[in-house]
Amino acid sequence: MKKISLLGATGSIGLQTLDVIREHPDEFSLHAMAFGKNMDRAIPIIKEFGPKRVVTQDEATKKIVKAEFQDIEVIAGKEGLEEISVDADTDLVLNAVMGSVGLQATLKAIESEKQVAIANKETLVTAGHLVMEKAAKHNVNLLPVDSEHSAIYQCLNGENQTQINNLILTASGGSFRDYTRAELAEVTVEDALNHPNWSMGAKITIDSATMMNKGLEVIEAHWLFGVPYDQIKVIQHKESVIHSMVEFMDNSVIAQLGTPDMKVPIQYALTYPSRLELPMSKRLDLVEIGKLHFQQMDMGRFPTLKMAFDAGKEGGTMTTVLNAANETAVELFLQRKISFLAIEDMIKKALNEHVSIKKPDLETILEVDQDTRRQVLSYLD
Ligand code: NDP
Ligand code: MG
């Protein structure tokens, strides 16, 4: 029985993780969970899975949970995220909170040598070098949940990392893959939230529409697999059937395929290095699909992807700025305070104004993260 601490239990990844736990009650249990403020979702989860410890984003939400469940330990705030990541009874921490708020919890989980499954890609974009250094020091194998990275992880099973030619990430193209730049200028929040292949949280759905999601994933792949940026390629593949590929030095390419269903990579992170059945997931029928399409990524139409490659190559705090500026600008767009294309303008401005600090420590990262958020908000005036 694997005891799980689930950070972000009320989110899209969180709920699908609970589907997997529910499917295999003899294999997994929800030992602890963290969520933000969504009580409507949290209450039934606590009732059904009976976690021993619950973390809320703030004191007000903690009070409501405490009133409802007297016997459960409830902790509020970021300290709570860290506490359930080092819990002595926890075997595996799955980090599925949204945003760089997940960073310290990831670092703590690694320090206490838990199994760590990462959906929270912002953690690796913000401070990939710190996370990977710590993982190496404590001999912790980070298990990717992101479908592209799970795919690459599976393609690399039993392979020699030094024989990789290229990692090839696939991109669905998001909600606006067929729009011109002129059309993009007019899109609304509702349009952007309507992703053709995947049902996900609001922030990552917008990231998919701007293509920043793929940019973040390039940086995530760089850190997880230790591959230089010029050996990471992105191609558009609208069906989201090939989740990513690895090309080796002999030109052999290994790909991982499946229907677009996050429960598959989530479960793989929980069962690794083994596998379990997953009847609720639809099996891939290539004959029914018939054709798969591939297309070169157009960096002119998707400038965020180039920004991410450039920031990654620059290194240091440049990717911290990329992430914090993106999180802030996306939030402003979701609040309907800026237009869709203003997201990339704001990120570009923040990157241009920043001089990268090389090999930043945690304190510097947190400072740059906060400064960038303030700076991007100031662009509103
Ligand atoms: P959601 O927005 O659906 O969920 C985010 C979760 O984090 C919610 O449970 C939310 O709580 C919680 N949360 C946010 N802030 C805090 C906080 N300060 N303290 C505690 N909990 C907090 O996001 P997704 O599930 O879509 O994405 C989660 C992560 O996984 C992201 O990093 C995303 O990039 C990554 N990912 C997601 C995929 C997907 O298919 N959704 C695919 C690949 C990666 P509440 O809602 O209660 O406030
Ligand atoms: Mg992905």
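Below, the structure is looked at part by part. (Residues numbered from 1 in each chain as written. Chains lettered and ligands numbered in written order. Predicted model: local features only at pLDDT ≥ 70, side-chain atom pairs only at ≥ 80, totals over all residues. Heavy atoms only, no water.)

Quick look at the site of ligand 1 now. Near ligand 1 lie 24 residues; those nearest to it are Thr10, Gly36, Asn38, Glu122 and Gly201. With respect to ligand 1, the backbone of Ser12 contributes an N or O atom lying 2.9 Å from an oxygen atom. At 2.6 Å from an oxygen atom of ligand 1 is found a side-chain nitrogen or oxygen belonging to Glu122. Burial of ligand 1 by the surrounding chains reaches 87%, relative to a free accessible area of 900 Å². Mapped onto the shell around ligand 1, the elements with two or more residues apiece are helix 1 (12-23) and helix 6 (121-137). The class makeup of the residues in the shell around ligand 1 is eleven nonpolar, nine polar and four charged. (Near = heavy atom within 4 Å. Polar contact = N/O pair within 3.5 Å; in protein donor to acceptor, adjacent residues only side chain to side chain. Areas by Shrake-Rupley, 256 points an atom, 1.4 Å probe, with all protein chains shown as cover. Helix = DSSP H or I, 4+ residues; strand = E, 2+ residues; numbered from the N terminus. Nonpolar A, V, L, I, M, F, W, Y, C, P; charged D, E, K, R; others polar.)

With that settled, consider the coordination of the magnesium ion (ligand 2). Here the magnesium ion (ligand 2) is held by the protein donor atoms Asp146 (OD), Glu148 (OE) and Glu217 (OE), which lie 2.1 to 2.2 Å from it. All donors to the magnesium ion (ligand 2) come from one chain, and their sequence spacing reads D-x1-E-x68-E. (Donors = N, O, S within 2.8 Å, 3.2 Å for Na, K, Ca; no water.)

The next point concerns the packing of helix 14 (residues 303-314) against helix 16 (residues 340-353). With their axes 10 Å apart at the nearest point, helix 14 and helix 16 run at an angle of 20 degrees to one another. Accordingly, the angle class assigned to the pair helix 14 and helix 16 is roughly parallel. In this structure, helix 14 meets helix 16 at a crossing whose hand is left-handed. Counted together, Pro303, Thr304, Met307 and Ala311 of helix 14 and Glu344, Ile347, Lys348 and Leu351 of helix 16 form the full contact between these two elements. Residue composition of the contact of helix 14 with helix 16, grouped by class: five nonpolar, one polar and two charged. (Axes fitted to C-alpha atoms, helices over the stretch in contact; angles between N-to-C directions. Parallel < 35°, antiparallel > 145°, perpendicular 65-115°, else oblique. Left-handed = near helix turned anticlockwise from the far one by under 90°. Contact = heavy atoms within 4.5 Å.)

Now for a nonpolar patch on the surface. Side chains of Leu257, Leu286 and Ile289 sit close together on the surface and give an oily, nonpolar patch of about 220 Å² of accessible area. Among the structural elements, Ile289 can be located in helix 13 (residues 286-289). (Patch = residues over 30% accessible without salt bridge, like charges linked within 9 Å, V, L, I, M, F, W, Y side chains within 5 Å. Salt bridge = Lys/Arg side-chain N within 4 Å of Asp/Glu carboxyl O.)

The next thing to look at is unusual backbone geometry. The residue after Tyr272, namely Pro273, is reached through a cis peptide bond having omega 5 degrees. For Lys359, which is not glycine, the phi torsion reads 45 degrees and is therefore positive. Following the sequence through the fold, Lys359 ends up in the loop between helix 16 and helix 17 (362-378). Its relative accessible area of 74% is what places Lys359 among the exposed residues. (Buried < 20%, exposed > 50% of the residue type's maximum accessible area, 1.4 Å probe, protein only.)

Let us look at the pairing of strand 3 (residues 53-56). Because side chains alternate across strand 3, one face comprises the buried residues Arg53 and Val55, and the other comprises Val54 and Thr56, equally buried. With three bridges connecting them, strand 2 (residues 28-34) and strand 3 associate as parallel partners. Of the residues in strand 3, the one forming a bridge with Ala34 is Val55. For the crossover that starts at strand 2, traverses helix 2 (residues 39-49) and ends in the parallel strand 3, the hand is right-handed. Relative to strand 4 (residues 73-76), strand 3 runs parallel, the two being bridged by four bridges. Pairing of Val54 across the sheet is with Val74, part of strand 4. Between the parallel pair strand 3 and strand 4, the chain is carried across by helix 3 (residues 59-68), and the sense of this crossover is right-handed. (Pairing = 2+ DSSP bridges. Right-handed = clockwise from strand over helix to strand, strands pointing away.)

Here the focus is the side chain of Thr106. Mapped onto the elements of the fold, Thr106 is located in helix 5 (residues 103-111). Taking the relative accessible area as the measure of exposure, Thr106 reaches 2% and is therefore buried. Residue contacts for Thr106: discarding those within four places in its chain leaves Asn95, Ile118, Thr123 and Val131.

Once that is clear, we can look at the pairing of strand 11 (residues 253-257). Where strand 10 (residues 242-248) and strand 11 come together, five bridges link them in antiparallel fashion. The partner of Ser244 across the bridge, within strand 11, is Gln256. If you look at the hairpin formed by strand 10 and strand 11, you'll find four residues sitting between the two strands, and Asn251 has a positive phi there, around 70 degrees.

This part takes up the sheet that holds strand 10. As summarised here, the arrangement of the five strands in space is 11-10-8-9-12, forming an open sheet in which the pairing is mixed. Either end of the sheet is taken by a strand with one partner, and the two such strands are strand 11 and strand 12 (295-296). Two strands pair when backbone bridges link them, and strand 9 (residues 232-236) and strand 12 are joined in this way by two bridges, in the antiparallel orientation. Residue pairing for strand 12: Gln236 is matched across the bridge by Gln295. Along the sheet face, helix 7 (residues 147-155) touches strand 8 (164-171), strand 10 and strand 11 and points at about 40 degrees away from the line of strand 10.

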